[in-house]
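# A structural walkthrough
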Amino acid sequence: MIRRLSWGLLALFVLATIAFFTLAPGIVERSMNKVAPVPLPGVSAATRALHATLAIADMHADPLLWNRDLLVRSSQGQVDVPRLIAGNVALQVFSSVSKTPKGQNYDANSGESDNITLLTIAQRQPVRTWTSLLERSLWHAEKLKRFAAASTGQLRVILTPADLDALLSDRANGARSVGGLLSVEGLQDIEGKIGNLDRLYAAGFRMAGLAHFFDNDVAGSMHGLAKGGLTPLGRHVIRRMEKIGMIVDVAHASHATVAEVIGFAHRPIVSSHGGVQATCKVNRNLTDDEIRGIAHTGGVIGIGYWEGAICSTDPRDTAKAIAYVRDLVGVDHVGLGSDFDGAVTTGFDVSQLAVVTQALVDRGFTHADIAKVMGGNVLRVLRAGMAPQP
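Before going into details, it helps to say that this report is about the structure given with it. (Residues numbered from 1 in each chain as written. Predicted model: local features only at pLDDT ≥ 70, side-chain atom pairs only at ≥ 80, totals over all residues. Heavy atoms only, no water.)

### Digging into the layout of surface pockets
- Considering only enclosed or pocket space, the second largest pocket measures out at about 370 Å³ in volume.
- The wall of the second largest pocket is formed by 20 residues, among which His51, Ala52, Leu54, Asn88 and Arg171 lie closest to the centre.
- Counting only elements with at least two residues in the lining of the second largest pocket, the list comes to helix H2 (45-51), helix H3 (81-86), helix H6 (161-172) and helix H13 (354-362).
- The element that contributes the greatest number of residues to the lining of the second largest pocket is H6, accounting for three residues.
- The residue inventory of the lining of the second largest pocket, partitioned by class, reads 11 nonpolar, six polar and three charged. (1 Å grid on protein atoms, 1.4 Å probe; cavity = no way out; pocket = protein on both sides within 12 Å on 5 of 7 lines; lining within 4 Å. Points joined across faces, edges and corners; volume = space filled by probe spheres on them. Helix = DSSP H or I, 4+ residues; strand = E, 2+ residues; numbered from the N terminus. Nonpolar A, V, L, I, M, F, W, Y, C, P; charged D, E, K, R; others polar.)

### Focus: the packing of helix H7 (residues 194-203) against helix H8 (residues 232-244)
- Where H7 contacts H8, the axes come no closer than 10 Å and their chain directions differ by 30°. By the angle class used here, H7 and H8 are roughly parallel. Read as a crossing pair, H7 and H8 show a hand that is right-handed. Seen from H7, the contacting residues are Ile194, Leu197, Asp198 and Tyr201; seen from H8, they are Leu233, His236, Val237, Arg240, Met241 and Ile244. (Axes fitted to C-alpha atoms, helices over the stretch in contact; angles between N-to-C directions. Parallel < 35°, antiparallel > 145°, perpendicular 65-115°, else oblique. Left-handed = near helix turned anticlockwise from the far one by under 90°. Contact = heavy atoms within 4.5 Å.)

### A short note on the environment of histidine 223
- Its location among the elements puts histidine 223 in the loop between strand E6 (205-209) and H8.
- Looking at histidine 223, the relative accessible area reads 0%, which means it is buried.
- Sequence spacing of histidine 223 and glycine 330 is 107 residues, and the spatial spacing of their C-alpha atoms is 29 Å.
- Here histidine 223 is in contact with Asn105, Tyr106, Asp107, Ala108, Asn109, His212, Phe213, His252, Asn283 and Arg284, once residues within four sequence places are set aside. (Buried < 20%, exposed > 50% of the residue type's maximum accessible area, 1.4 Å probe, protein only.)

### Here's the deal with the pairing of strand E9 (residues 300-303)
- The alternating pattern of E9 places Val300 and Gly302 and Ile301 and Ile303 on opposite faces, both of which are buried.
- Taken together, the three bridges between strand E8 (residues 270-274) and E9 define a ladder with parallel strand orientation. Residue pairing in the sheet places glycine 274 in a bridge with isoleucine 303 of E9.
- Chirality of the crossover, the property in question, places the unit of E8, helix H10 (residues 288-296) and E9 among those that are right-handed. (Pairing = 2+ DSSP bridges. Right-handed = clockwise from strand over helix to strand, strands pointing away.)

### Some words on the side chain of asparagine 377
- Mapped onto the elements of the fold, asparagine 377 is located in helix H14 (residues 367-385).
- Accessibility expressed as a relative area gives 2% for asparagine 377, which makes it buried.
- What asparagine 377 contacts, discounting residues up to four positions off in sequence, is Val300, Val331, Asp332, His333, Val334 and Lys372.

### Overview of the nonpolar core
- Counting residues in each nonpolar core, the largest one holds 77 residues, and the members touching the most others are Leu187, Leu210, Val261, Ile303, Leu353 and Met374.
- Per-element tally for this core: the top contributor is helix H5 (residues 133-149), with six residues.
- When near neighbours in sequence (up to four residues on either side) are disregarded, leucine 187 contacts Leu197, Leu200, Ala208, Gly209, Leu210, Ala211, Asn216, Val218, Val237 and Met241.
- Listed in part, the 17 residues of the second largest apolar core include Leu167, Leu181, Ile247 and Leu379. (Core = buried A, V, L, I, M, F, W, Y, C linked by side-chain atoms within 4.5 Å.)

### Thoughts on the state of the cysteines
- In the structure shown here, the tally under the stated rule is one disulfide.
- Bridging cysteine 280 to cysteine 311, the disulfide has an S-S length of 2.1 Å. Measuring the twist about the S-S bond at about 85°, one finds the cysteine 280-cysteine 311 disulfide to be right-handed. Placement of the pair is cysteine 280 in the loop between E8 and H10 and cysteine 311 in the loop between helix H11 (307-310) and helix H12 (315-329), with a sequence separation of 31 residues.
- You can call cysteine 311 partly exposed: its relative accessible area is 37%. (Disulfide = S-S within 2.5 Å.)

### Considerations on the pattern of salt bridges
- Per the counting criterion, the structure on display carries 17 salt bridges.
- The residue glutamate 142 makes a salt bridge to arginine 146 at a minimum N-O spacing of 2.4 Å. Taken together, the positions of glutamate 142 and arginine 146, both in helix H5 and four residues apart, correspond to about one turn of that helix.
- One salt bridge connects aspartate 327 with arginine 326, and the closest N-O pair in it is separated by 3.0 Å.
- The class of aspartate 327 is exposed, set by a relative accessible area of 57%.
- In this structure arginine 326 comes out as partly exposed when scored by relative accessible area, which is 23%.
- Each of the salt bridges in this network shares a partner with another, and the network as a whole consists of Arg128, Glu135, Glu142, Arg146 and Arg199. (Salt bridge = Lys/Arg side-chain N within 4 Å of Asp/Glu carboxyl O.)

### Here we look at the packing of aromatic side chains
- For the coordinates displayed, the defined rule picks out four aromatic pairs.
- Judged by centre distance (6.1 Å) and plane angle (10°), the rings of tyrosine 106 and phenylalanine 213 are stacked. Pair noted here: tyrosine 106 is in the loop between strand E3 (89-96) and helix H4 (116-122) and phenylalanine 213 is in the loop between E6 and H8, with a separation of 107 residues, a long-range link.
- Exposure remark for phenylalanine 213: the relative accessible area of 6% places this residue in the buried category.
- With a centroid separation of 5.1 Å and an interplanar angle of 40°, the aromatic rings of tyrosine 305 and phenylalanine 348 are classed as tilted. Here the residue tyrosine 305 occupies a position in the loop between E9 and H11, and phenylalanine 348 occupies one in the loop between strand E11 (345-346) and H13, the gap between them amounting to 43 residues.
- A relative accessible area of 0% places phenylalanine 348 in the buried class.
- Ring-pair connections join several aromatic residues into one group, and the members of that group are Tyr305, Phe340 and Phe348.
- Over the ring of phenylalanine 214 we find lysine 99; its NZ or CZ atom is 5.0 Å from the centre of that ring.
- Between arginine 206 and the ring centre of tyrosine 201, over which it is positioned, the NZ or CZ distance is 3.7 Å. (Phe/Tyr/Trp six-rings, centres within 6.5 Å; stacked < 30°, edge-to-face > 60°. Lys NZ or Arg CZ within 6 Å of the ring centre and 35° of its normal.)

### Remarks on the packing of H10 against H12
- At their nearest, the axes of H10 and H12 sit 10 Å apart, and the two run at 65° to each other. Our classification of the angle between H10 and H12 gives roughly perpendicular. Relative to H12, the crossing made by H10 is right-handed. For the pair formed by H10 and H12, the contact residues are Asp288, Ile291, Arg292 and Ala295 on the first element and Tyr324, Val325, Leu328 and Val329 on the second.
- Here the residues of the contact of H10 with H12 sort into six nonpolar, no polar and two charged.

In structure tokens:
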């Protein structure tokens, strides 16, 4: 009887282990990256024709965190290469999330806990990623390169302004290719060492957010406990990023950090994904002074599609926030920052991006201004920011 019980318990353990590794990652993602359709603007034939002419660029999406083949169109999540192509996206910034706190919220989080460790194990990632935030980001870079290598040219990793120009030229000549540019969501992954920033650059990262949902040893987070500003290491990091050609991203950064970066930066900065407090008063969204400050650096504010960014999931509210930034600082300083696959619920996925173009048309944006908002502004900043300083 005891032996039978032991074998039974062992069988249950094996079954539970198999279920954990095969089912848990997908269940977790499906619970977080949802498309919950809302009444969308009807897209006219004229708008579809306009949308097809655009070089669209989005500053933030998180599919590298999940265990999906990005070369296969999925009914799960919000982004993959076939859907990017269907949405006419020219360039997608793929972010690396290395750590998130338990009980994550917009108000106050400690950095002492981590949700991602269990996910790395459940996804059977390399053992080196189980205990190192840096290695998690390096693995995400490796994943993107593997997808690109297997994509028969549909996905290209963008490392230089020349890569970007070649992509846009080929697309203008009919190529159905998407550029992928690597970013970091929170520089906790340099693990307190400036040399690790160079390792990220060598792996292909060309943008980095200073903080994510908790304060780190580079900068304070809008969602942290202290919500402080830049640390001495953070100032060193920004100077190094500007020199080697990495764009500084202040999304999720505390108000103190944003103010310091605006005054400290020598090159254009971005807020890759979020909203503005004037149209959606959520603490992570930007104040008017912050919008003016980012614009003063020559930078761009990326507007998202989820509740925390626009207080709805309606693309018309995305257009409303975009119009607000345009009216405050000019159309050259606003673009797209979807946060697709970033544990958000949206009203549409990337294949339906023409609904945003339609919302801008309905708000009276000119075709030239739509081209800037949907990609031109972001491409300008990326092209300039990737060029190393002499």
